[in-house]
Amino acid sequence: MPDTYTDLSPSEIPNPSSKTTYTSTSSAADYRLNQQRIAQLLVQLNQIVLDKPQVIKLALSGVLAGGHLLLQDLPGMGKTTLAQGLAQLLGLTFSRVQFTNDMLPADILGMSIYDPAALRFNFRKGPIFTQLLLADEINRSSPKTQSALLEAMEERQVTQDGQSYRLPQPFFVIATQNPLQQAGVYPLPESQLDRFLLCLSLGYPSPAAERALLQGQDRRELLKDLDAVLDTEAVLLAQQGVQQVYVADVVLDYLQRLVAKTRTSQEYHGLSPRGVLSLQRAAQAYAYVSGHAEMTPEDIQAVFAAVTDHRLGQRFVPVHAAGGQAPQTIAQRILAEVAVII
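Sequence order sets the numbering: in each chain, residues are counted from 1 along the sequence as written. Totals for whole chains, interfaces and linings use all residues, but because this is a predicted model, local features are given only for residues with pLDDT of at least 70 and pairs of side-chain atoms are given and counted only at 80 or more. Side-chain metrics in this entry use all non-hydrogen atoms of the structure; hydrogen atoms and water are not considered.

Points about the overall build of the protein
Which entries qualify depends on this criterion: Counting from the N terminus, the helices are the DSSP runs of H or I reaching at least four residues and the strands are the DSSP runs of E reaching at least two. Think of it in three bands: with a 1.4 Å probe and only protein chains considered, a residue is buried below 20% of the maximum accessible area for its type, exposed above 50%, and partly exposed in between. Contacts are assigned to residue pairs with any non-hydrogen atoms lying within 4.5 Å of each other.
Assigned secondary structure in the protein consists of 14 helices and 9 strands. When each of the 342 residues of the protein is scored for burial, the buried share is 51%. A fraction of 76% describes how many contacts in the protein between residues 6 or more apart in sequence connect residues 24 or more apart.

So, in structure tokens, the structure goes:
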């Protein structure tokens, strides 16, 4: 296995249109082929969302870790484009729901409709019954509607009228939200935030990337030309690969020191056990996407802010509102204070 995907030559990356059937007993060659396809996915997505390779890598890591993603930023920054591009390249069934302030939980989950011929109610499934749900501008809906996603995100099922319905596997939610400073938005409750494995922000493009956007083709048109690189079985295989990434005791020591640091401050509440497990899983996924068989402290550092800031109460503030310079986050302060080796 190469140390990084930059070690792969273009000829080694397979044609995304070719399909391979994966099973739980897939060989090492199947895993290598899958990782090469992941490298191809990153290449294609970086051609759609310009100048954001680290955010894209983190987003893919979150999905392959089996988690949900929250993309927060100003409108028009490319959040929906990133989510749609990721959905198309993963080759999963896809639904998009535009959240509004008059939306009801039944608009997402579905509802029971009376059938007079059969003299009974039949459950009509809502758009959540898909493998990848894009919840666009999720914080424009009321907390009641937001909470409709809680069971689905945690249990991968929906319960209506006392009956539980399993969701397709794999199941992911990619949600976008606007800053709280904008009109007509509701803050996500802590229980909802904790269901998101990663919280990411794109930020403004560099001048060079912005010029490419001005001179290039519309991003929505480019999305139409994307072909799936992975499929359901390949995504499930990648999730198996993430779980097999080795974690040494010394790396776990470093992870636990970071977690302990989050629990010693009066400014914010520390990471819960679920948050700790999320941190490890995200770091393993980041290592897997990087082409590594072993998790390192650098993998933890790469995902730490995305996993923890929204759990520690870090409020998103757009850069322009902070005087043109992004403030240091809680996670960045903790990383600076905790030594890798003691």
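Topic: a nonpolar patch on the surface
Which entries qualify depends on this criterion: Residues qualify for a patch when their relative accessible area is over 30% and they have no salt bridge, like charges being joined within 9 Å and the nonpolar side chains of Val, Leu, Ile, Met, Phe, Trp and Tyr within 5 Å. Accessible areas in this description were obtained via Shrake-Rupley with a 1.4 Å probe; residue shielding takes into account the shown protein chains only. Each reported salt bridge corresponds to a side-chain nitrogen of Lys or Arg within 4 Å of a carboxyl oxygen of Asp or Glu.
On the surface, Tyr114, Leu119 and Phe121 cluster together into a nonpolar patch covering about 370 Å² of accessible area. Along the chain, Tyr114 falls in strand β3 (residues 110–115).

Quick look at the sheet that holds strand β1 (residues 68–72)
This is how it is decided: DSSP bridges decide pairing: two strands pair if at least two such bridges lie between them. The axes used here are C-alpha line fits, helices contributing only the stretch in contact, and every angle between their N-to-C directions lies in the interval 0 to 180 degrees.
Reading across from one edge, β2-β5-β8-β1-β9 is the order of the 5 strands in this open sheet, with parallel pairing throughout. Every interior strand has two partners, whereas the edge strands, β2 (94–98) and β9 (196–200), have only one. Averaged over all pairs of adjacent strands, the angle between their axes in this sheet comes to 15°, without regard to strand direction. Summarising the sheet, β1 and strand β8 (residues 172–177) pair through 4 bridges and their orientation is parallel. Within β8, the residue paired with Leu71 across the bridge is Thr176.

Considering the confidence of the model for the protein
Definition in use: The predictor rates its confidence in each residue with pLDDT, a number between 0 and 100.
Mean pLDDT over the protein stands at 85; residues scoring 70 or higher make up 88%. This model gives residues 1–25 a pLDDT under 50, and the stretch forms 54 contacts once residues within four places in sequence are excluded.

Quick look at the nonpolar core
Selection rule: Here, the term nonpolar core denotes a set of buried Ala, Val, Leu, Ile, Met, Phe, Trp, Tyr and Cys residues that are joined through side-chain atoms within 4.5 Å.
With 72 residues, the main nonpolar core has Leu41, Leu60, Leu86, Leu90 and Ile300 as its most contacted residues. For this core, the leading source of residues is helix α12 (residues 273–289), giving 9 residues. Core analysis: the next-biggest nonpolar cluster, separate from the first, contains 25 residues, Met103, Ile108, Leu167 and Ala175 among them.

Points about the side chain of Lys79
The test is simple: Under the counting rule used here, the positive set is Lys and Arg, the negative set is Asp and Glu, and His together with the chain ends is not counted. Pairs of N or O atoms are called polar contacts if they sit within 3.5 Å, as long as, within protein, a hydrogen donor faces a hydrogen acceptor (for residues adjacent in sequence, only side-chain-to-side-chain pairs).
With respect to the element layout, Lys79 can be found in helix α3 (residues 79–90). For the buried Lys79, which has no salt bridge, the nearest side chain bearing the opposite charge is Glu137, at an N-O separation of 6.3 Å. For Lys79, the side chain forms a polar contact with the main-chain oxygen of Asp73, separated by 3.4 Å. Ignoring any residue separated from it by four or fewer positions in sequence, one finds Lys79 in contact with Leu71, Gln72, Asp73, Leu74, Thr176, Gln177, Asn178 and Leu202.

Some points on the packing of aromatic side chains
Heads up, the condition is: Stacked, edge-to-face and tilted are the three classes for Phe, Tyr and Trp ring pairs, Trp counted by its six-membered ring, which pair at centre distances within 6.5 Å; planes under 30 degrees apart are stacked, over 60 edge-to-face, the rest tilted.
Inspection of every chain in the model, using the stated rule, returns 3 aromatic pairs. Measuring from ring centre to ring centre gives 6.0 Å for Phe123 and Phe129, while their planes differ by 70°; the resulting arrangement is edge-to-face. Assigned by exposure class, Phe123 and Phe129 land together as buried. Counting every residue linked through ring pairs, the aromatic cluster contains Phe123, Phe129 and Tyr165.

Some details on unusual backbone geometry
For the bond running from Gln169 to Pro170, omega is -5°, close enough to zero to count as cis. Here Pro170 shows up in the loop between β7 (163–166) and β8. Positive phi is not limited to glycine here, since Leu119 has a value of about 55°. Here Leu119 is to be found in the loop between β3 and β4 (120–125). On the basis of relative accessible area, Leu119 is assigned to the exposed category, the value being 63%. Even without a glycine there, the phi angle at Arg156 is positive, about 60°. Tracing the backbone shows Arg156 in the loop between α6 (150–155) and β6 (157–160).

Thoughts on the environment of Gly91
Residue position: Gly91 is located in the loop between α3 and β2. The class for Gly91 is partly exposed, based on a relative accessible area of 31%. For the pair Gly91 and Val229, spaced 138 residues apart in the sequence, the C-alpha separation amounts to 6.7 Å. When sequence neighbours within four positions are dropped, the list of residues in contact with Gly91 reads Ala228, Leu230, Asp231 and Thr232.

Some remarks on the side chain of Gln84
Topologically, Gln84 is positioned in helix α3. Looking at Gln84, the relative accessible area reads 18%, which means it is buried.

Quick word on the packing of helix α1 (residues 28–48) against helix α10 (residues 232–243)
We apply this condition: Oblique is the label for every angle not falling under 35 degrees (roughly parallel), over 145 degrees (roughly antiparallel), or within 65 to 115 degrees (roughly perpendicular). We call Asp, Glu, Lys and Arg charged. Ala, Val, Leu, Ile, Met, Phe, Trp, Tyr, Cys and Pro are nonpolar, and the rest, Gly among them, are polar.
At a closest axis distance of 10 Å, the pairing of α1 and α10 adopts a crossing angle of 105°. Considering their axes alone, α1 and α10 lie roughly perpendicular with respect to each other. Taken together, the residues of α10 that come into contact with α1 (itself represented by Asp30, Tyr31, Asn34 and Ile38) are Ala234, Leu237, Ala238, Gln240 and Gly241. Per-class residue counts for the contact of α1 with α10 are 5 nonpolar, 3 polar and 1 charged.

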